[in-house]
Amino acid sequence: MMTQENNEKILILDFGSQYAQLIARRVRENNVFSEIVSHKTPAEQIKKINPKGIILSGGPASVYVKDAPQCDREIVQLGIPILGICYGMQLGCQMLGATVKPTPTREYGRTACSALERDNTLFKSIDKDIPVWMSHGDQVVELPGEFESLALTKNCPYAAVKHKKRPFYGVQFHPEVTHTLQGSQIIRNFLYEICGCTGTWAMHSYLEQAVRDIRSQVGDQRVVCGLSGGVDSAVAAALIYKAIGNHLSCIFVDNGLLRNYEAEEVVKTFKENFIVDLHAIDARDRFLQKLNGVTDPEKKRKIIGHEFIDVFKEEAGKISQIKFLAQGTLYPDVIESIPAHGGPTVTIKSHHNVGGLPAQLGFELVEPLRFLFKDEVRKIGEELGLPAELVWRHPFPGPGLSIRIIGEVTQPRLEVLRNADKIVIEEIRKAGLYRSIAQCFAVLLPLSTVGVMGDERSYENVIAIRAVETTDFMTADWCRIPHETLGAISNRIINEVKGVNRVVYDISTKPPSTIEWE
């Protein structure tokens, strides 16, 4: 848990929602510090923290089943304003005497919601009729007299509620997701109109506090940081360097799964922008040998993660007196890899930088970006003076191109994908779209299709193009790239990349799809 000297803080109790981190992000967007804690945090501990408000997150369980996640019932007695979201609303209402049951008509996706005509601080400056994002099969069906309804939908008479005597508010929908168009304003109303926040927190204060925390944790010991060349590890390294200077060493492992000329660019970038002890390791053959014949995506991730540990361990052993390992782990990495704060969140996929590396090497872990989203990391990078090309580089997964090759990873297939991906990025930059697209890349599919090239029949590979727009990478929509640009990408790939005769475009959103294909 990161310390925060500013006493204006919102605690988010995590009941296993995939969107708990989005709640934290929305709060911080409004210049109020937020922190996610376990739903099991005792009321006495919360009282000592003295937050300005508490938010109860959503979750996958039903509040009325045995062993459903519960919080300390005493929190509703503390007098601290509480906002319950989805499961959090149901649980808070249940604790205050309401009845929650399965609903005969479930609500999923965008839903029309109407605010009721009454004194409604939570809906201040909100349109009477708004689209909201619903995701529930249970709902409050009976409210005691101490409650009043603030909003409703066609199938949910208590889409938003408040308690008349206690500072408890609840919304059945998800104001934290962008699909609830005025959701940020609802959260802002809770923060400023109900909790009395003044909005004194900003990214520069996080940076200053992070530097103090790193110095406090590390002291005069040495730290080793694994560099990937991406913005996350770069910002983590720059932040740690700001805190401890030449007590930092960096290791870059070329695993053979990078894009065209990426290894050379990483070394060049860091030598020009960092005055640190940089170790660049060529391990391409080792990784490809380990991946020989492997097609399962989770096995690929684990193999790459284990081999990275071995290579990193060998090189770190050459650097004396290391006590700490730094990683550029972000909030989305954590929430998609392991249950947050011991909560019941479902694991989506494993990340090689969230796991056993510190234990394998006997190091203590330093993760200065663990509570940040990608857009916040970019802001930190700008504050630290990193070059714009590095700060705004599209994300690239730790397992590299291996999870953009569906099926077996081989050198010939890597070359096909590298060449196709290079063309995608070149054309996106040429069209002036690179900064407006959050992530764009090519995927090599495990199938061949019939084509006609010249006067001959061909049977060759298919490349899929994926481009998304998002700010937090927890939800994402597909980009409406101009047809002319898509046409240019397709034409160049088919003509310039030997072995490809078809290009397709992915128009899936997250959720239900993920951004990466594996």
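A brief look at the structure comes next.

Parameters at a glance
Residues numbered from 1 in each chain as written. Predicted model: local features only at pLDDT ≥ 70, side-chain atom pairs only at ≥ 80, totals over all residues. Heavy atoms only, no water. Helix = DSSP H or I, 4+ residues; strand = E, 2+ residues; numbered from the N terminus. Rg over C-alpha atoms; globule rule 2.2 N^0.38 Å. Contact = heavy atoms within 4.5 Å. Areas by Shrake-Rupley, 256 points an atom, 1.4 Å probe, with all protein chains shown as cover. Salt bridge = Lys/Arg side-chain N within 4 Å of Asp/Glu carboxyl O. Buried < 20%, exposed > 50% of the residue type's maximum accessible area, 1.4 Å probe, protein only. Core = buried A, V, L, I, M, F, W, Y, C linked by side-chain atoms within 4.5 Å. Polar contact = N/O pair within 3.5 Å; in protein donor to acceptor, adjacent residues only side chain to side chain. Pairing = 2+ DSSP bridges. Axes fitted to C-alpha atoms, helices over the stretch in contact; angles between N-to-C directions. Expected span 1.5 Å × (residues − 1). Parallel < 35°, antiparallel > 145°, perpendicular 65-115°, else oblique. Nonpolar A, V, L, I, M, F, W, Y, C, P; charged D, E, K, R; others polar. Right-handed = clockwise from strand over helix to strand, strands pointing away. Disulfide = S-S within 2.5 Å.

Things to note about the overall build of the chain
Stage number 1. For the chain, the count of helices and strands is 15 helices and 18 strands.
Stage number 2. Compactness check: the chain gives a C-alpha radius of gyration of 25 Å against a globular reference of 24 Å for 518 residues, within 12% of the reference.
Stage number 3. Its C-alpha atoms give the chain principal-axis dimensions of about 75 × 65 × 40 Å.
Stage number 4. A fraction of 76% describes how many contacts in the chain between residues 6 or more apart in sequence connect residues 24 or more apart.
Stage number 5. Within the structure as shown, the chain displays about 21800 Å² of accessible surface, and the carbon and sulfur contribution to it stands at 48%.

Observations regarding the pattern of salt bridges
Stage number 1. The full count for this structure, using the stated rule, is 27 salt bridges.
Stage number 2. Here Glu35 and Lys9 are joined by a salt bridge, their closest N and O atoms 3.4 Å apart. Of the two residues, Glu35 sits in strand 2 (residues 33-38) while Lys9 sits in strand 1 (residues 9-14), which places them 26 residues apart along the sequence. One exposure class covers both Glu35 and Lys9, and it is buried.

Digging into the nonpolar core
Stage number 1. Residues Tyr206, Leu248, Ile428, Ile463 and Ile493 are the most contacted members of the largest nonpolar core, which totals 89 residues.
Stage number 2. Residue contributions to this core peak at 10 residues, all from helix 6 (residues 231-244).
Stage number 3. Formed by 35 residues, the second largest nonpolar core is a distinct cluster that contains Phe123, Ile130, Val171 and Phe173.

Re the side chain of Lys300
Stage number 1. Relative to the helices and strands, Lys300 resides in helix 9 (residues 297-316).
Stage number 2. One polar contact links Lys300 to Glu518, side chain to side chain, over a distance of 3.1 Å.
Stage number 3. Beyond its immediate chain neighbours, meaning those up to four positions away, Lys300 contacts Leu291, Val294, Thr295, Ser402, Ile405, Ile406, Gly407, Val409 and Glu518.

Some thoughts on unusual backbone geometry
Stage number 1. Across the junction of Lys510 and Pro511, the peptide omega takes the value -15°, indicating a cis bond.
Stage number 2. In this structure, the amide linkage connecting Pro511 to the following residue, Pro512, adopts the cis form with an omega of 10°.
Stage number 3. Mapped onto the elements of the fold, Pro512 is located in the segment after strand 18 (500-505).
Stage number 4. Phi angles above zero are rare outside glycine, and Gln321 is one such case at about 60°.

Focus: the sheet that holds strand 10 (residues 222-227)
Stage number 1. Spatially, the five strands line up as an open sheet ordered 12-11-10-13-14, and their pairing is parallel. The outermost strands of the open sheet, each flanked by one partner alone, are strand 12 (277-282) and strand 14 (364-366). Strand-to-strand, the axes of this sheet are offset by a mean angle of 30°, without reference to chain direction.
Stage number 2. Note that strand 10 and strand 13 (residues 322-326) share four bridges and pair parallel. Looking at the pairing, Cys225 lines up with Ala326 of strand 13.

Quick word on helix 6
Stage number 1. With 14 residues, helix 6 should cover 20 Å at 1.5 Å per step; its first-to-last C-alpha distance of 20 Å lies within 8% of that length.
Stage number 2. Where helix 6 terminates, the next one or two residues include Gly245, which has phi positive at roughly 60°.

Structural notes on helix 5 (residues 203-218)
Stage number 1. A rise of 1.5 Å per residue sets the reference length of helix 5, with its 16 residues, at 22 Å; its end C-alpha atoms lie 22 Å apart and thus fit the reference within 8%.
Stage number 2. If you check which residues of helix 5 are buried, you get Met203, Ser205, Tyr206, Leu207, Gln209, Ala210, Val211, Ile214 and Val218.
Stage number 3. The inward-facing, buried residues of helix 5 contact strand 2, strand 10, helix 6, strand 13, strand 14 and helix 12 (374-383).
Stage number 4. Two residues or fewer after helix 5 comes Gly219, characterised by a positive phi angle close to 65°.

A short note on the sheet that holds strand 6 (residues 129-142)
Stage number 1. Spatially, the nine strands line up as an open sheet ordered 2-1-3-4-9-8-7-5-6, and their pairing is mixed. A strand with exactly one partner marks an edge of an open sheet, and here the two such strands are strand 2 and strand 6. Across the sheet, the mean angle from the axis of one strand to that of its neighbour is 20°, orientation sign disregarded.
Stage number 2. Examined bridge by bridge, strand 1 and strand 2 share six bridges and lie parallel to one another.

A closer look at the packing of helix 5 against helix 12
Stage number 1. As a packed pair, helix 5 and helix 12 sit with axes 10 Å apart at the nearest point and diverge in direction by 75°. On the basis of the axis angle, helix 5 is roughly perpendicular to helix 12. Along its contact with helix 5, which presents Met203, His204, Tyr206 and Leu207, the element helix 12 presents Glu376, Lys379, Ile380 and Glu383.
Stage number 2. Residue composition of the contact of helix 5 with helix 12, grouped by class: four nonpolar, one polar and three charged.

Some remarks on the pairing of strand 10
Stage number 1. Counting buried positions along strand 10 gives six out of six residues, so the element sits mostly inside the fold.
Stage number 2. Of the strand pairs in this sheet, strand 10 and strand 11 (residues 248-254) are connected by five bridges, and their pairing is parallel. Looking at strand 11, one finds that Cys225 is bridged to Cys250.
Stage number 3. Handedness of the β-α-β unit built from strand 10, helix 6 and strand 11 comes out right-handed.

A word on the state of the cysteines
Stage number 1. Scanning the entire structure with this criterion turns up zero disulfides.
Stage number 2. Unpaired in terms of disulfides, Cys156 finds its nearest cysteine sulfur in Cys113, a separation of 8.1 Å.
Stage number 3. Here Cys479 is not disulfide-linked; the sulfur of Cys440 is the nearest cysteine sulfur, at 7.3 Å.

A closer look at the environment of Leu401
Stage number 1. Assignment of secondary structure puts Leu401 in the loop between helix 13 (388-391) and helix 14 (411-430).
Stage number 2. Put simply, Leu401 and Ile425 are 24 residues apart on the chain and 15 Å apart in space, counted from C-alpha to C-alpha.
Stage number 3. If near-sequence neighbours (up to four positions away) are discounted, Leu401 is found in contact with Leu257, Leu258, Arg259, Phe396, Leu414, Leu417 and Arg418.

Things to note about the environment of Lys323
Stage number 1. Within the element layout of this structure, Lys323 appears in strand 13.
Stage number 2. Between the alpha carbons of Lys323 and Val223 there is a distance of 6.3 Å; along the sequence they are 100 residues apart.
Stage number 3. Filtering out sequence-adjacent residues up to four positions away, Lys323 remains in contact with Gln221, Arg222, Phe363 and Glu364.

Nothing here speaks to function; it is all geometry.
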